[in-house]
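# Observations on the three-dimensional arrangement
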Amino acid sequence: MEFLLLLGSPLAGAAVLAVLGARRFAPELNIAFSLVTFLAACALTVHVVSAGTLTFARDQFFIDAFNVFLVTLTALVGLTTAVFSRPYMRVEMEHGRVRAPQLRLYHSMYQLFMTTMLVALTTNNMGLLWVAMEAATLSTVLLVTLYRTGASLEAGWKYFVLCGVGIAQALFGTILLYFAAEHVLGAEGVSALLWTHLNGVKGQLEPKVLSLAFVFLLVGYGTKVGLAPLHNWLPDAHAEGPTPISAVLSGLLLNVALYAVVRCKVLVEGSLHSALPAQMLMGFGLLSVVLAAFFLWRQRDIKRLFAYSSIEHMGIITFAFGMGGAVANFAALLHMTVHSLTKSAIFFTAGHAAQKSGSQLMDHIRGLITLSPTIGWGLMMGSLAILGVPPFGVFASEFLILTTAMREQPWATPILLTALAVAFAAIFGRVQPMVFGETTAKRLPHPPALLPVFLHLSLVLALGLYIPPYLADWYRAAARLIGGG
Amino acid sequence: MAGVPLDIQLLNLCAALLLLLSFAMLSQRRIVNLVNLLALQGTVLFIATLLIAWRTRQPHLYLSAVLTLALKVMLLPYLLHRLIRRLEVYWDAEPLLNISGTMLIGVLIVVFSFGLAQPISALASTATRNAIGIAVAVVLLSFLTMITRRKAMSQVVGFLSMENGLFFGAMSATYGMPMVVEFGVALDVLVAVLVLGIFFFQIREQFDSLDLHHLESLREDASSRRSE
Amino acid sequence: MRPIEIITQLLELVVALAAAPLFVGWINQCRAWLQNRSAPSVWLPYRNIRKLFHKDAVIAEGASRLFRLAPYIVFAAMVVAAGIIPSMGTRLPLTQVADAIALVGLLATARVFMSLAAMDTGTAFGTLGARREMMVGFLAEPALLMVIFVASLISATTALPAITEHLATQTLGLYPSLAFTAVAFLMVLLAENARIPVDNPATHLELTMIHEATLLEYSARHLALMEWASALKLFNYACIGFALFIPWGVSTRGSAPVALLASIPLLALKLAAAGALLAVIEMVSAKLRVFRAPEFLATAFLFAVLGLLVHLLLGA
């Protein structure tokens with residue numbers, strides 16, 4: 001039952017907010033629906049932890065160790081972002097950047113987006129996975145262009161075209177996957193595309209077809225993860241859309257897309273018994289890390305800066321999944337969690353900082369600590385967290401990834417270390433003057449939402465210091481599932 | 001060719017027509033003609049699906065054929081024509097490369113697609129396995145159409161043509177995907193066109209033109225940033 | 001060489017020489033009917049040629065021997081080409097001299113000499129016509145070669161009679177590759193024979209001429225030979241089209257001599273239909289601007305390549 005609630009709540013929210021989204025209580029409605037989704041996710045998690053892998057609706061949906069924590073994470077970040085978006089959008093309305101009808105679109109699309117991501121995470125059918133990913137893109141395109149400025153329209157167009165074309169490649173990969181599956185499972189219609197069934201027979205799937213399919217699937221879903229060189233849409237979409245959307249794009253959509261890639265990788269590796277998928281993941285991952293680290297230096301807009309940081313971290317996670325094996329997978333899963341929490345926290349603070357200073361350019365944001373200590377400290381802590389400073393969780397996962405790399409792929413370690421160092425210098429160098437120094441910030445008409453920021457950061461801190469045993473078991477089970485290495 | 005049954009001959013004819021239509025799209029400059037060619041592509045797909053449904057006696061393929069007819073031949077071209085009328089965009093600008101050059105690149109793409117599809121054709125057990133290469137060629141040719149265009153509308157038509165190619169690929173490799181997936185894909189395509197319609201109005205409102213030239217100003221070191 | 005072969009060969013040559021001007025006259029008549037005006041007689045081209053032979057030739061001052069020789073060379077090339085194309089029978093001794101590719105070379109020779117002669121007089125219009133003629137020919141030749149290539153691939157030979165025999169005896173069916181190639185061939189025919197949409201044969205405006213401009217300086221017997229050669233060229237192209245795409249009715253190896261006689265009315269029928277088709281095409285199309293002609297020919301080339309690809313990859 002929790003499962004129906006999990007998917008039904010955001011869907012109902014989308015429908016309700018499509019009608020009532022412009023009213024004064026719409027943000028509270030948004031938060032309410034997100035809360036229900038989160039509680040359903042928690043209940044489901046408890047159920048899965050006790051009962052093992054669950055399937056629903058005649059194997060069409062399933063929850064196992066890998067996606068259960070992602071589901072909870074998605075629901076949590078969805079909730080906190082909804083909390084953050086309440087005062088943020090109020091201020092935006094005061095500043096005149098958005099009007100009431102657009103708020104209706106915003107709220108209903110937000111819930112619809114949550115639905116599509118939850119469907120993508122829990123579906124067993126590879127074809128439905130594709131449909132959900134495409135739907136996720138479509139529901140956020142209009143959100144990126146919410147402000148109707150020239151730059152946001154351009155960002156939305158790039159987002160639509162690049163992700164659309166990329167996803168078409170993923171469709172071709174799915175067709176090839178179905179083609180290979182049909183040979184082994186027979187044309188039983190729907191069940192040939194079910195991941196659990198495919199996982200059972202992956203040794204018998206035709207290697208040539210699967211390697212071709214993996215290339216297309218990686219290129220297709222990789223575009224949505226933001227892997228270089230297909231990342232062009234990411235900085236623009238993050239910078240031009242409203243900040244809550246940047247937070248969920250960075251914190252959630254990238255994770256879900258990477259989840260899709262990893263599911264495909266598990267199938268392909270089982271069939272190929274070669275290092276091709278691993279090497280491709282490692283290659284793309286490293287390329288993203290290096291490219292992002294060097295692009296970080298040229299950024300002048302705060303949201304673009306952290307968008308490139310997202311690309312960099314997704315690159316690290318992809319690289320870790322490419323390495324495979326118990327430790328690397330564990331570290332990658334941990335990194336997915338903490339990155340999602342930290343990045344969304346950073347976007348929360350950056351959004352408010354930009355509102356206070358009236359501009360997203362970092363040169364115009366100065367001395368946040370003076371006027372609003374909480375936002376200033378939040379930004380500072382968040383940046384330190386994302387840069388991998390101990391004792392935050394990011395340090396733990398990056399440490400694990402680097403040590404595994406030194407052991408298994410020593411040639412990659414200097415590249416990773418250099419890129420991380422470059423990123424550290426770039427981000428820290430930019431954040432420092434923003435937080436300290438002479439202030440140019442103004443008071444906000446509505447008090448900012450700071451609870452989500454500190455909730456996320458404390459979670460990350462906690463994960464860095466101590467991972468509770470059930471959580472560690474989760475990660476280990478998922479790491480075993482992913483295999484490789 | 002001796003002894004090849006009639007329906008296979010017809011299917012090969014459909015595949016050849018699809019290829020021809022993709023090349024025709026590559027060379028068209030009138031946007032209205034582009035949309036009509038898209039509708040023709042949908043018709044050919046409909047006929048091909050019917051033939052395959054008849055040959056393999058799978059009832060769900062008849063449903064798929066009707067879905068194709070409703071969506072790709074009637075609904076989508078109608079929506080696109082309506083958009084063209086309301087936005088008043090009738091002609092595309094001169095394509096990036098001259099038409100003869102584009103055609104030659106197109107020929108190279110067809111050869112490349114067939115090379116790419118070789119291993120799949122070798123493994124397929126369907127009667128239409130030779131047509132998989134044509135499906136890949138249609139996808140890549142639509143991609144080329146998208147790249148060489150300047151008006152947003154033509155890029156959308158290229159994108160939809162890519163979907164048609166993928167559909168034909170699925171049809172010729174595996175006799176179609178499971179119905180639930182096909183419905184999902186059809187829904188996605190429809191919603192995409194609707195979203196694009198809204199999008200175009202927004203673009204037009206802002207720039208007074210659907211020329212994509214205006215949408216190329218965001219750069220890394222953008223100094224023309226608005227600050228609010 | 002058996003007697004039947006010699007008879008076939010001579011019959012072909014005679015029919016070609018005799019029927020070519022009639023073909024042109026028939027096309028003019030069809031066009032006039034479609035345009036709702038009364039047509040000149042179908043024998044008018046004959047009367048033109050006869051009239052021209054009786055006149056005195058006037059040669060330009062600076063013209064060299066090439067100018068005087070060119071009409072004979074062009075005419076001879078066209079006659080030899082007519083001898084190679086199997087319009088009525090496939091048992092032609094002359095075909096040992098040249099296969100399909102050499103046939104294209106013969107047509108190219110004629111074109112080269114025509115252009116050289118046009119430039120020989122040094123007039124502006126002659127050079128203009130020569131350059132345009134060469135441009136059209138330069139682009140049309142690959143398309144024509146590709147068409148012949150496809151037919152050769154299907155029949156595993158480049159000798160035109162053998163191709164015709166093979167295609168005539170194949171099972172009936174839908175061949176998309178041949179359909180594409182036929183469209184390509186039609187476009188090449190229109191371009192090479194100076195028909196609308198590439199060139200208007202009836203124009204008197206020199207700046208819009210392609211083929212006519214190369215004939216401006218000729219008079220009397222030279223002009224007669226050139227006109228006759230142009231008519232022969234159109235006849236030859238039509239017969240190549242029949243040989244490749246509508247090969248039935250041609251008397252093949254092993255058939256009775258009476259089949260040869262039967263092929264004559266069939267050929268007449270095919271020519272009549274082709275003439276009507278050409279007239280219809282000329283009616284419906286508008287003449288292209290000269291710099292669009294390369295696009296037209298690129299499309300023809302593309303069709304031919306598509307036919308090739310479809311044949312190689314679909315086996316159809």
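Residues numbered from 1 in each chain as written. Chains lettered and ligands numbered in written order. Predicted model: local features only at pLDDT ≥ 70, side-chain atom pairs only at ≥ 80, totals over all residues. Heavy atoms only, no water.

So, about helix α12 (residues 302-323) of chain A. Its 22 residues place the ends of α12(A) 32 Å apart at the C-alpha level, agreeing with the 32 Å of an ideal helix rising 1.5 Å per residue. In terms of burial, α12(A) is a largely internal element, 22 of the 22 residues being buried. (Helix = DSSP H or I, 4+ residues; strand = E, 2+ residues; numbered from the N terminus. Expected span 1.5 Å × (residues − 1). Buried < 20%, exposed > 50% of the residue type's maximum accessible area, 1.4 Å probe, protein only.)

Among the two pairs of chains that make contact, the interface with the largest number of contacts is formed by chains A and B. In this view chain A stays clear of chain C, with the nearest C-alpha atoms of the two still 20 Å from each other. (Contact = heavy atoms within 4.5 Å.)

All names here are of chain A. Note on placement: Ser 246 falls in helix α10 (residues 243-272). Judged by relative accessible area, Ser 246 falls into the buried class, the value being 1%. A polar side-chain atom of Ser 246 sits 2.7 Å from the main-chain carbonyl oxygen of His 238. Apart from the residues within four sequence positions on either side, Ser 246 is in contact with His 238, Gly 241, Lys 303 and Phe 347. (Polar contact = N/O pair within 3.5 Å; in protein donor to acceptor, adjacent residues only side chain to side chain.)

Taken together, the contacts link 22 residues of chain B with 20 residues of chain C. Taken together, chain B and chain C are joined by zero salt bridges. Put simply, chain B and chain C have zero residue pairs in polar contact (both at pLDDT 80 or more) between them. Breaking the side of chain B that touches chain C down by element, the ones donating at least two residues are α1 (6-27), α4 (99-123) and α5 (131-147) of chain B. Looking at the side of chain B that touches chain C, the element that brings in the most residues is α1(B), giving nine residues. Counted by class, the side of chain B that touches chain C contains 17 nonpolar, four polar and one charged residues. (Salt bridge = Lys/Arg side-chain N within 4 Å of Asp/Glu carboxyl O. Nonpolar A, V, L, I, M, F, W, Y, C, P; charged D, E, K, R; others polar.)

The parts lose accessible area when they come together, and the size of an interface is often stated as this lost area. Counting residues at the interface gives 58 residues for chain A, matched by 53 residues for chain B. When chain A packs against chain B, close to 4,900 Å² is buried across both sides, 70% of that on carbon and sulfur atoms. The tally of links between chain A and chain B comes to zero salt bridges. Where chain A touches chain B, the interface holds one residue pair in polar contact (both at pLDDT 80 or more). (Buried area = accessible area lost by both parts, 1.4 Å probe.)

Bringing a nonpolar patch on the surface into the picture now. The grouping of C:Leu34, C:Val280, C:Met283 and C:Val284 at the surface amounts to a nonpolar patch, some 350 Å² of accessible area in total. Residue position: C:Val280 is located in helix α9 (residues 257-284). (Patch = residues over 30% accessible without salt bridge, like charges linked within 9 Å, V, L, I, M, F, W, Y side chains within 5 Å. Areas by Shrake-Rupley, 256 points an atom, 1.4 Å probe, with all protein chains shown as cover.)

Ranked by internal contacts, the top residues of the largest apolar core, which has 359 residues, are A:Tyr221, B:Phe23 and B:Phe200. Per-element tally for this core: the top contributor is helix α6 (residues 150-185) of chain A, with 21 residues. Discounting residues that sit within four places of it in the chain, A:Tyr221 has contacts with A:Met126, A:Leu129, A:Trp130, A:Met133, A:Ala170, A:Thr174, A:Ala257, A:Ala260, A:Val261 and A:Cys264. (Core = buried A, V, L, I, M, F, W, Y, C linked by side-chain atoms within 4.5 Å.)

Turning to empty space enclosed by the protein, a few remarks are in order. One pass over the structure, following the stated rule, counts nine cavities of 30 Å³ or more. Counted as a void, the largest cavity has a volume near 210 Å³. Every residue lining the largest cavity is counted, 16 residues in all, and those nearest its centre are B:Lys72, B:Phe167, B:Glu182, B:Val185 and B:Ala186. Elements represented by at least two residues in the lining of the largest cavity include exactly α6 of chain A together with α3 (59-87), α6 (152-174) and α7 (179-207) of chain B. Examining the composition of the lining of the largest cavity, we find that five residues originate from one element, α7(B), more than from any other. Looking at the lining of the largest cavity residue by residue, the class counts come to twelve nonpolar, one polar and three charged. (1 Å grid on protein atoms, 1.4 Å probe; cavity = no way out; pocket = protein on both sides within 12 Å on 5 of 7 lines; lining within 4 Å. Points joined across faces, edges and corners; volume = space filled by probe spheres on them.)

Cis rather than trans, the peptide bond between A:Ala228 and A:Pro229 has omega equal to 0°. Despite not being glycine, A:Arg148 has its phi angle at roughly 60°, a positive value. Structurally, the position occupied by A:Arg148 is in the loop between α5 (126-144) and α6. Not every positive phi belongs to a glycine, and B:Arg57 is a case in point at roughly 55°.

Side chains that carry opposite charge are capable of pairing whenever their charged atoms lie near each other. All names here are of chain A. Per the counting criterion, the structure on display carries 14 salt bridges over all chains. The closest approach of N and O atoms between Asp 236 and Lys 158, which form a salt bridge, is 2.6 Å. With Asp 236 in helix α9 (residues 233-240) and Lys 158 in helix α6, this residue pair connects regions lying 78 residues apart in the sequence. According to the relative accessible area criterion, Lys 158 is partly exposed, its value standing at 23%. Between Arg 476 and Asp 473 there is a salt bridge, with the nearest N and O atoms lying 3.3 Å from each other. Separated by three residues within a single helix, Arg 476 and Asp 473 lie in helix α19 (residues 469-482), roughly one turn from each other. According to the relative accessible area criterion, Asp 473 is partly exposed, its value standing at 44%.

To continue, consider the packing of aromatic side chains. Counted by the stated rule, this structure contains 26 aromatic pairs over all chains. Ring plane angle 25° and centroid distance 5.0 Å describe the contact between A:Tyr159 and A:Trp233, whose orientation is recorded as stacked. Pair noted here: A:Tyr159 is in helix α6 and A:Trp233 is in helix α9, with a separation of 74 residues, a long-range link. Each of the two residues, A:Tyr159 as well as A:Trp233, counts as buried. A connected cluster of aromatic rings, assembled from ring pairs, spans A:Trp157, A:Phe160, B:Phe159, B:Phe199 and B:Phe200. The ring of A:Tyr147 has A:Arg97 sitting right over it, with the charged end atom 4.1 Å from the ring centre. Lying across the ring of B:Phe167, B:Lys72 places its NZ or CZ 4.2 Å from the centre. (Phe/Tyr/Trp six-rings, centres within 6.5 Å; stacked < 30°, edge-to-face > 60°. Lys NZ or Arg CZ within 6 Å of the ring centre and 35° of its normal.)

This brings us to the packing of helix α1 (residues 3-34) of chain C against α9(C). Residue and element names in this part refer to chain C. Contact geometry of α1 with α9 gives a least axis separation of 9 Å together with a crossing angle of 25°. It follows that α1 is roughly parallel to α9 by the angle criterion. Relative to α9, α1 is oriented so that their crossing is right-handed. Its residues assigned to classes, the contact of α1 with α9 shows 21 nonpolar, two polar and two charged. (Axes fitted to C-alpha atoms, helices over the stretch in contact; angles between N-to-C directions. Parallel < 35°, antiparallel > 145°, perpendicular 65-115°, else oblique. Left-handed = near helix turned anticlockwise from the far one by under 90°.)

Residues and elements named next belong to chain A. With eight of eight residues buried, α9 is to be regarded as a mostly interior element. For α9, the complete set of buried residues consists of Trp 233, Leu 234, Pro 235, Asp 236, Ala 237, His 238, Ala 239 and Glu 240. Where the residues of α9 are buried, they touch α5, α6, α8 (207-225), α10, α12 and α13 (326-357).

A few words on the confidence of the model for chain C. Low pLDDT marks regions whose predicted coordinates should not be analysed in detail. All names here are of chain C. Residues of chain C with pLDDT of at least 70 account for 99%, and the chain-wide mean is 88. For chain C, helix α6 (residues 160-169) is the element with the lowest average pLDDT, namely 84, and helix α2 (residues 44-54) is the one with the highest, namely 93. Taken over the whole predicted complex, pTM reads 0.81, whereas the ipTM for its chain interfaces reads 0.83. (pLDDT = per-residue confidence, 0-100.)

On to the state of the cysteines, then. Following the criterion strictly, the structure yields zero disulfides over all chains and no others. The cysteine A:Cys163 is free of any disulfide, with A:Cys264 supplying the nearest cysteine sulfur at 16 Å. Looking at the unpaired C:Cys30, the closest cysteine sulfur is the one in C:Cys239, lying at 17 Å. (Disulfide = S-S within 2.5 Å.)

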